[in-house]
Amino acid sequence: MVSNREDTNGYKIAIESMAALMDEALPRPSSTLRDGIYVTESGPWWIKVSGSTVTYLDADETVYEDEGSWVSSRSASSPMRLTMGDDAIVGEVGHAQRRFLPVGEHEVPASLSGVWNSSEGASFEIDNGSVIMGVGPVRHSMPLQALGSDASCSPSRTVPGPSGSASTF
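Every chain is numbered on its own, with residues counted from 1 as its sequence reads. Per-residue local features are limited, in this predicted model, to residues with pLDDT of at least 70; the limit for side-chain atom pairs, both in listing and counting, is 80 or more; totals at the level of whole chains, interfaces and linings are taken over all residues. The side-chain quantities take in all heavy atoms of the structure and omit both hydrogens and water.

### Some details on the sheet that holds strand β4 (residues 59-62)
The following threshold applies: Note: two strands are recorded as paired if DSSP finds a minimum of 2 bridges between them. Secondary structure elements are defined from DSSP: runs of H or I of at least 4 residues count as helices, runs of E of at least 2 residues count as strands, and each element is numbered from the N terminus.
The sheet built from nine strands is open, its strands ordered β4-β3-β2-β1-β9-β8-β7-β6-β5 with antiparallel pairing. Every other strand in the sheet has two partners, leaving β4 and β5 (64-65) as the edge strands with one partner each. Judged from the three bridges that link them, strand β2 (residues 46-50) and strand β3 (residues 53-56) form a sheet pairing that is antiparallel. The residue of β3 that forms the bridge with Lys48 is Thr55.

Encoded structure:
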């Protein structure tokens, strides 16, 4: 199985193929993690849980039953071993210990509205809680979801903001 990590769930395809060839039972996907979006207390790390799928870095990974209350992605390219705590999902994601807290309902700050330009020539617009990117027929408007306080977003670069002030993206 050869593919880009983001394009397919190569591990799932490979394990299903090998189980069929070897006449073995498949591991059972687990939906023990509560559905929702979760973010770390600091840094840019977030996950989205939907059933037995955990999205991390834009890659959907199926999680399978593991020992006790733990689930595991069993993935070489996006390893996860997680458990549901009282108010958080804890464990290892991408070879690092993380604690993810549920995201509440938050408005996208109006101060983000405007055209954003980087010194490398990239640009996008934020308007009415949506990011607008592209030109011509590939121009798209995509809704943004606020993840909470500024502590949940780690600035990666300072660029001229929509009003000429310094902003980050």
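### Considering the pairing of β3
Hairpin connection, β2 to β3: the antiparallel pair is bridged by two residues, and Gly51 has positive phi, about 65 degrees. Examined bridge by bridge, β3 and β4 share four bridges and lie antiparallel to one another. Bridge pairing in β4 links Tyr56 to Ala59. Between the end of β3 and the start of β4, which pair antiparallel, lie two residues, with Leu57 showing a positive phi angle near 55 degrees.

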